[in-house]
Amino acid sequence: MMSKIFVTQPFLPPLEEFMPYLERIWQEKWLTNNGTFHRQLETKLADYLGVSQLSLFTNGTIALITALQALRITGEVITTPYTFVATAHSLIWNKNNPVFVDIDPTTFNIDPNKVEAAITPQTSAILAVHVYGTPCDTEKLQQIADVYGLKLIYDAAHAFGVRQNGNTVLNHGDLSILSFHATKVYNTFEGGAIVCNDEKLKQRIDYLKNFGFADEVTVMAPGINGKMNEFQAALGLLQLDYIDQCIAARQTLANRYRRAFKDLPGIRLLPSHTEREENYSYFPILIEEDYPISRNQLYSKLREQDIYARRYFYPLVSDFPMYRGLPSAAENNLQVAKQVSEQILCLPIYPDLSEESQLKIIHNIHKKKDWF
Ligand SMILES: *Cc1c(COP(=O)(O)O)cnc(C)c1O
């Protein structure tokens, strides 16, 4: 009897290795507010990721909302419908108006060729997402941002550790946000960060995540409580010891999926790139017309076998009630995103996924002929 196979399962280091961290927290009784582990993790993570400024947060969504505040984003923000809802929600929390632009058919990231047409005098920023860790066309987006005087923000929740030609993708634009949620490649149960290249901007972000306090008696803005606590930071330090082996385990799984589906008619894979260090956070496949059953039928068939693949991202963010009335949410404006969202299926991938479980998944996707 095999148990349920979920799309992901969080990685946890051996419990006994975490105990010394906990003992130290219990001894020092410094639980949050820039404690020892918090300071260590900011330094170590910045180092590991190859970025100059990093501010830890209690989660990725508060990091996103704070990032928009830190850059004083107002009015309209151009973004993608093909993402997790938190991307657009952060705009609403900041009283910005999301303007959806369609995605590129090969990367599933915002299509830079369609951005200019969406710019109005009210536009102040572009909020792009490196979906599945695939880097956006950062060069073109920066060009547009420069010409029109827009801020450029990356939701890099999927892009932990991703490098292109040896360089991290996290240094593009004005800033990037990360998520360390349990379901992500690197987790601190809940957690997140803002990454930027500007020391003064980091200072402002650090004030904002601590109610706006600049010192004991000075509050510089209506900040929020976005601080990461010492428990999260301690776990983050320990997780860093395991991150490379976690990504390597994911790579082995991704390669096995690739070999298995390379020549399977009706199954489309995203291209792999040799110039890129990926994090293998997701394994998306597209179920196209020449596959014998639809994406939704395959999704259900797999569930019957206790395989819980997920339709990330379906429905599109622009189809949720709080967005679907926007002019930019109209289907004819988002045709590529619509089609991808109806064909996409993310297969289980996580460090502890056994070969046996993976072969069961592969077998079930291959055995389509039995379904007639
Ligand atoms: C996970 C995720 C978030 C939110 O991060 P949390 O840490 O869960 O708040 C934001 N954007 C994207 C694209 C995500 O996948």
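Residues numbered from 1 in each chain as written. Predicted model: local features only at pLDDT ≥ 70, side-chain atom pairs only at ≥ 80, totals over all residues. Heavy atoms only, no water.

A. Region of the structure containing the overall build of the protein. When its secondary structure is counted, the protein shows 11 helices and 17 strands. Expected size for 372 residues packed as a compact globule is a radius of gyration near 21 Å; at 21 Å, the protein falls within 12% of this value. With 372 residues in all, the protein has 54% of them scored as buried. Accessible area for the protein stands at about 17,000 Å²; split by element, carbon and sulfur atoms hold 51% of it. (Helix = DSSP H or I, 4+ residues; strand = E, 2+ residues; numbered from the N terminus. Rg over C-alpha atoms; globule rule 2.2 N^0.38 Å. Buried < 20%, exposed > 50% of the residue type's maximum accessible area, 1.4 Å probe, protein only. Areas by Shrake-Rupley, 256 points an atom, 1.4 Å probe, with all protein chains shown as cover.)

B. A look at the packing of aromatic side chains. Overall, the coordinates contain 22 aromatic pairs when judged by the stated rule. Residues phenylalanine 6 and tyrosine 308 carry aromatic rings whose centres are separated by 5.3 Å and whose planes lie at 40° to one another, so their mutual orientation is tilted. Taken together, the residues phenylalanine 6 in strand 1 (residues 5–6) and tyrosine 308 in strand 16 (residues 307–308) connect sequence positions 302 residues apart. With a centroid separation of 5.6 Å and an interplanar angle of 45°, the aromatic rings of phenylalanine 11 and tyrosine 242 are classed as tilted. Of the two residues, phenylalanine 11 is situated in the loop between strand 1 and helix 1 (15–28) and tyrosine 242 in the loop between helix 7 (230–240) and helix 8 (243–261); the sequence distance between them amounts to 231 residues. Of the two residues, phenylalanine 11 and tyrosine 242, both sit in the buried class. The cationic tip of lysine 209 hangs over the ring face of phenylalanine 57; the distance from NZ or CZ to the ring centre is 5.5 Å. Between the NZ or CZ atom of arginine 295 and the centre of the ring of tyrosine 314, over which it lies, the distance is 4.8 Å. (Phe/Tyr/Trp six-rings, centres within 6.5 Å; stacked < 30°, edge-to-face > 60°. Lys NZ or Arg CZ within 6 Å of the ring centre and 35° of its normal.)

C. Representation of the environment of histidine 172. Inspection of the secondary structure assignment puts histidine 172 in the loop between strand 8 (167–168) and strand 9 (175–179). On a C-alpha basis, the gap between histidine 172 and asparagine 197 in space is 9.0 Å, while along the polypeptide they are 25 residues apart. For histidine 172, the contacting residues outside a window of four places in its chain are Thr138 and Tyr154. (Contact = heavy atoms within 4.5 Å.)

D. Here's a closer look at the pairing of strand 10 (residues 192–196). Among the five residues that make up strand 10, five are buried, leaving the element largely enclosed by the rest of the structure. Burial along strand 10 is two-sided: Gly192, Ile194 and Cys196 and Ala193 and Val195, pointing in opposite directions, are all buried. Across five bridges, strand 2 (residues 53–57) lies against strand 10 in antiparallel orientation. Bridge pairing links phenylalanine 57 to glycine 192 in strand 10. Pairing geometry for strand 9 and strand 10, over five bridges, is antiparallel. The partner of isoleucine 177 across the bridge, within strand 10, is isoleucine 194. (Pairing = 2+ DSSP bridges.)

E. Inspection of the site of the ligand at higher detail. Taken together, 14 residues lie around the ligand, and Gly60, Thr61, Asp155, Ser179 and Lys184 are the ones closest in. Residue aspartate 155 places a side-chain N or O atom 2.7 Å away from a nitrogen atom belonging to the ligand. At 3.2 Å from an oxygen atom of the ligand is found a side-chain nitrogen or oxygen belonging to lysine 184. Within the complex, 93% of the 380 Å² of free accessible area of the ligand lies under protein. Placement of the ligand is best described as lying within the largest pocket. When residues of the shell around the ligand are traced back to their parent elements, those giving at least two are helix 3 (60–70) and helix 4 (86–93). (Near = heavy atom within 4 Å. Polar contact = N/O pair within 3.5 Å; in protein donor to acceptor, adjacent residues only side chain to side chain. 1 Å grid on protein atoms, 1.4 Å probe; cavity = no way out; pocket = protein on both sides within 12 Å on 5 of 7 lines; lining within 4 Å. Sits in = over half its atoms within 2 Å of the grid points.)

F. Fine view of helix 4. For helix 4, the full list of buried residues reads Ala86, Thr87, Ala88, Ser90 and Leu91. Once helix 4 ends, the next one or two residues include lysine 95, with phi positive near 60°.

G. Quick look at the sheet that holds strand 7 (residues 163–164). Pairing is antiparallel in the open sheet, where three strands are placed in the order 8-7-14. Taken across any chain shown, the strands that pair with only one partner, and hence form the sheet edges, are strand 8 and strand 14 (276–277).

H. Highlighting the nonpolar core. The biggest cluster of nonpolar side chains holds 63 residues, and the ones touching the most others in it are Leu45 and Ile365. Of all the elements, helix 8 adds the most residues to this core, at seven residues. For this core, the domains that each give at least three residues are domain 1 (15–240) and domain 2 (243–366). Non-local contacts of isoleucine 365, meaning those with residues more than four positions away in its chain, are made with Phe261, Leu264, Ile267, Ile285, Tyr291, Leu298, Leu302 and Leu347. Of all hydrophobic cores here, the second largest spans 24 residues; its members include Val7, Val129, Val317 and Tyr323. (Core = buried A, V, L, I, M, F, W, Y, C linked by side-chain atoms within 4.5 Å. Domains from an automatic or database assignment.)

I. Main features of helix 6 (residues 199–208). Inspection of helix 6 places Leu201, Lys202, Arg204, Ile205 and Leu208 among the buried residues, and these make up the whole buried set. Take helix 6 and look down its axis: the buried residues cluster within an arc of 160°, on one side only. Turned more than 90 degrees away from the buried face of helix 6 sit Glu199 and Lys200, all of them exposed. Where helix 6 begins, the capping side chain belongs to aspartate 198, and its oxygen is found 2.9 Å from the backbone nitrogen of lysine 200. (Arc of directions from axis to C-beta.)

J. How the structure looks around the layout of surface pockets. Estimates place the volume of the largest pocket at around 670 Å³. Forming the boundary of the largest pocket are 37 residues, of which Phe84, Lys184, Tyr282, Tyr312 and Phe313 lie nearest the centre. Of all the elements in the fold, those that place two or more residues in the lining of the largest pocket are helix 3, helix 4, strand 9 and strand 17 (344–347). When its residues are assigned to classes, the lining of the largest pocket shows 20 nonpolar, 12 polar and five charged. Formed jointly, the lining of the largest pocket draws a minimum of three residues from each of two domains, domain 1 (15–240) and domain 2 (243–366). (Points joined across faces, edges and corners; volume = space filled by probe spheres on them. Nonpolar A, V, L, I, M, F, W, Y, C, P; charged D, E, K, R; others polar.)

K. Molecular detail of the domain arrangement of the protein. Partitioning the protein into domains gives domain 1 (15–240) and domain 2 (243–366). Using only C-alpha atoms to locate each centre, domain 1 and domain 2 end up separated by 25 Å. Each partner contributes to the interface: domain 1 provides 38 residues, whereas domain 2 provides 35 residues. At the boundary of domain 1 with domain 2, total buried surface from both sides reaches about 3,100 Å², with 63% on carbon and sulfur atoms. It is Phe100, Tyr132 and Val185 in domain 1 that bury the most area against domain 2; as a group they hold 23% of the surface buried on that side. Glutamate 277 is the partner of arginine 163 in a salt bridge, and the nearest nitrogen-oxygen pair spans 3.5 Å. If you list the elements that add at least two residues to the side of domain 1 that touches domain 2, you get helix 4, strand 4 (97–100), strand 7 and helix 7. Looking at side-chain class alone, the side of domain 1 that touches domain 2 contains 23 nonpolar, 10 polar and five charged residues. (Buried area = accessible area lost by both parts, 1.4 Å probe. Salt bridge = Lys/Arg side-chain N within 4 Å of Asp/Glu carboxyl O.)

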